[in-house]
Amino acid sequence: SNPTRLTETEGYDAEAVYSFDGKKIMFTSVRTGDLELFTMDPDGKNVEQITNLPGYDGGAWFSWDGKWICWRATRPSGEALTEYQNLLKEGLIKPSKLEIHVMNLADRKPIQLTSNGAANFAPFFHPDGKRVIFASNVNDPKKRNFDLYMVDIATKTVEQITFNVTFDGFPMFSPDGKKLVFGSNRDGKVPHETNIFICDWVD
């Protein structure tokens, strides 16, 4: 009850997430003319732009200690950038190639973790702060099936986690790193039914 409006942007303010300590909200906004990441206080004050490169930035999450963020992004150039900007003027976006990025909020230097040209999304930090789990269609030639993958931040080594013939996505770890929860179309009673699954995580 009693919802409070936090932003007044004409257009897109969305994809908002809380930091785990509850002190910041991060969200994607078109307020600068591009889709960038911003943070703000829980009351909507002290808005700060986090990203500033052309292309879509979104689907972001904080690390467990609040010092890092991970997100998905497109970095179009040439004709692709022109197409992206023209679509954005109409309130549209057509992302097909999304790469996973991380950034330390202290130095604000983005680090691109994937470079596979696939639709990588839903990144989430492992509690050790050294790895990011995400969903990707990188190994499906038709680009329709998504599995879960883990990337090491230091080495950028990617490991496939699930090997399912249907969609797996939106992975999240428990705070102690012992459980993994995710959405999946596996074992659905009807086509495209998505259910929640939880499993033990063993390194």
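Coordinates for the structure precede this section.
Residues numbered from 1 in each chain as written. Predicted model: local features only at pLDDT ≥ 70, side-chain atom pairs only at ≥ 80, totals over all residues. Heavy atoms only, no water.

Q: Let's hear about the sheet that holds strand S3 (residues 36-40): which residues, and what values?
A: Judged by pairing direction, the sheet is antiparallel, and its four strands sit side by side in the order S1-S2-S3-S4 without closing on themselves. Each edge of the open sheet carries a strand with a single partner, namely strand S1 (13-18) and strand S4 (48-49). In this structure, S3 lies alongside S4, joined through two bridges in antiparallel fashion. In the strand pairing of S4, Phe38 is matched with Gln49. (Pairing = 2+ DSSP bridges. Helix = DSSP H or I, 4+ residues; strand = E, 2+ residues; numbered from the N terminus.)

Q: Describe the nonpolar core, and please don't skip the residues or the numbers.
A: Grouped together as the largest cluster of nonpolar side chains are 14 residues, with contacts concentrated most on Phe121, Ile133, Phe173 and Leu180. The set of elements that each furnish at least two residues to this core consists of strand S9 (120-125), strand S10 (131-136), strand S11 (147-152) and strand S14 (179-184). For this core, the element with the highest residue contribution is S9, accounting for three residues. Once residues lying within four places of it in the same chain are set aside, the contact partners of Ile133 are Ala122, Pro123, Phe124, Tyr149, Met150, Pro171, Phe173 and Leu180. If you look at the next biggest cluster of nonpolar residues, it comprises eleven residues, including Leu37, Ile50, Trp71 and Ala73. (Core = buried A, V, L, I, M, F, W, Y, C linked by side-chain atoms within 4.5 Å. Buried < 20%, exposed > 50% of the residue type's maximum accessible area, 1.4 Å probe, protein only. Contact = heavy atoms within 4.5 Å.)

Q: Before we move on, could you go through unusual backbone geometry and cite the residues and values that matter?
A: Despite not being glycine, Ala122 shows a phi value in the positive range, around 55°. For Ala122, the location among the structural elements is in strand S9. Positive phi outside glycine occurs at Phe170, with the angle close to 55°. Structurally, Phe170 can be placed in strand S13 (residues 168-173).

Functional significance is not addressed by these values, which are geometric in nature.
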